[in-house]
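These are the residues of each chain, in order.
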Amino acid sequence: MNGNKPTIVSGITTTGQLTLGNYIGAIKNFIDLQKDNNLIIFVANLHAITIPIGKEELQGNIKNMIALYYACGLDPNKAIIYVQSDVLELTQLSHILLCNTTVGELSRMTQFKDKSIKMKAENGTEFIPTGLLTYPTLMAADILLYDADLVPVGKDQKQHIELTRNIAERMNNRYQQNVFKIPNDFIPTIGGKIMDLQNPTKKMSKSSNDPKSFIGLLDTPDLVHKKIRAAITDSDGKIAYDPDKKPGISNLLTIYAVLKNITIEAAVKTFTNSDYGQLKTELATTISASLEPIQTKYHQLIKDDTIDQLIAAGAEKARYLANKKLTEIKNIIGLNYKRK
Ligand code: TYM
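If you're wondering where the values come from, they're calculated on a predicted model, not measured in any experiment.

What follows is about the packing of helix α3 (residues 55-72) against helix α13 (residues 307-333). With their axes 10 Å apart at the nearest point, α3 and α13 run at an angle of 85° to one another. On the basis of the axis angle, α3 is roughly perpendicular to α13. Together, Lys 63, Ile 66, Ala 67 and Tyr 70 of α3 and Ile 307, Asp 308, Leu 310 and Ile 311 of α13 make up the contact between the two elements.

This is how it looks when you write it as structure tokens:
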């Protein structure tokens, strides 16, 4: 860690398979930021168990996700990449933060409301795990444990980062010193919310039950073409960017613009004389071309079986930083009775 560089912290929950939404909203920024910053990236397996998930899926997702991080371009020489449950300090900090967070704040979180309503509908009972409610304080611990300056995330996480800032400010006031650095979110201007291909008024989600609604980072070119061809658009036949009136086409244009590294206006111009079919074919080709090098590297990494060593090395580096910060915090609040 270089003390002069800003610290960037982020993670992805190990539910389902990584989607193009995760790539555009988060991972692409991790890669862009790793050159000039201290980057700390993890796979959030503790967050994954806030909703029911089988053992096999949970374990498999961890390795796949770490391999995909590397395949997308994260560099172990530049970034600390680790598995959340390997850092025990996190859960202790999470408890400390919980003691400085109100039940009201947590129950107002939009994601909690959405997920708990869905769970109620699925199991037909009031069985809502408390971990789902306290999910954002665990996320705050992820961020505050490393004194993050910036947190690269998609739009849906904005409210959680705001809560993190509020908890940090509250504790700084309570203890009359800078216990925590106040982090900022870092949300891409284009692509902060990639939409579901089958319902473009909803966020593309890796926990969706309908595989046609998202592009997985490991989808074959054939599958990508099929899913994009089946994407819901509208019937007016005009290619224009208007997320309210034309959410489907606007979403396809957004994906195209981000992957080609051009503006939305330039993307619209590219397709001035095209029909929806041509836009879809060109977009599917662009997506497959972006995914191809990632998939090649991913399959190589899985075959080499070097992931376990990379995970162990990442955990050691993260634990060192986490232990240092937690000791500082415990000293400040009076939990370390053996120290001054
Ligand atoms: P998760 O796993 O739902 O999503 C991972 C990242 O991908 C972004 N994202 C999207 N961006 C654009 N369009 C989409 N359709 C889309 N879907 C997802 C998310 O905003 C996120 O940046 N709670 C977090 C994981 C987490 C975390 C943290 C993040 C745990 N601790 C600390 C930052 C800092 C989550 O479940 O993200």
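Moving on: the side chain of Asn 100. With respect to the helices, strands and loops of the structure, Asn 100 is situated in the loop between α4 (89-98) and α5 (103-107). We classify Asn 100 as buried; its relative accessible area is 8%. Polar contacts involving the side chain of Asn 100 include one to the main-chain carbonyl oxygen of Ile 96, which spans 2.9 Å. Once you skip the residues sitting within four places of it in the chain, Asn 100 turns out to touch Ile 167, Arg 170, Met 171 and Arg 174.

So, on to helix α7 (residues 130-144). Across its 15 residues, α7 extends 22 Å between first and last C-alpha, which sits within 8% of the 21 Å expected from 1.5 Å per residue. Its maximal kink placed at Pro 136, α7 deviates by approximately 40°. Of all 15 residues making up α7, 13 are buried, and the element is well covered by its neighbours.

Below, the discussion takes up the domain arrangement of the chain. Once the domains are mapped, the chain shows domain 1 (7-186 + 304-333) and domain 2 (211-295). Each side of the interface is counted separately: domain 1 has 11 residues, and domain 2 has 12 residues. Note on domain 1 versus domain 2: buried area summed over both sides is about 1100 Å², and carbon and sulfur give 80% of it. Contact with domain 2 buries surface across domain 1, with Gln 17, Leu 20 and Ile 24 losing the most and accounting together for 45% of the total. Viewed at the interface, domain 2 and domain 1 are joined by zero salt bridges. Connecting domain 1 to domain 2 are two residue pairs in polar contact (both at pLDDT 80 or more). Elements supplying a minimum of two residues to the side of domain 1 that touches domain 2: α1 (20-33) and α3. The element best represented in the side of domain 1 that touches domain 2 is α1, accounting for five residues. Split into classes, the residues belonging to the side of domain 1 that touches domain 2 amount to eight nonpolar, two polar and one charged.

Parameters at a glance
Residues numbered from 1 in each chain as written. Predicted model: local features only at pLDDT ≥ 70, side-chain atom pairs only at ≥ 80, totals over all residues. Heavy atoms only, no water. Axes fitted to C-alpha atoms, helices over the stretch in contact; angles between N-to-C directions. Helix = DSSP H or I, 4+ residues; strand = E, 2+ residues; numbered from the N terminus. Parallel < 35°, antiparallel > 145°, perpendicular 65-115°, else oblique. Contact = heavy atoms within 4.5 Å. Buried < 20%, exposed > 50% of the residue type's maximum accessible area, 1.4 Å probe, protein only. Polar contact = N/O pair within 3.5 Å; in protein donor to acceptor, adjacent residues only side chain to side chain. Expected span 1.5 Å × (residues − 1). Bend = angle between axes of the 7 residues up to and from the residue. Domains from an automatic or database assignment. Buried area = accessible area lost by both parts, 1.4 Å probe. Salt bridge = Lys/Arg side-chain N within 4 Å of Asp/Glu carboxyl O. Nonpolar A, V, L, I, M, F, W, Y, C, P; charged D, E, K, R; others polar.

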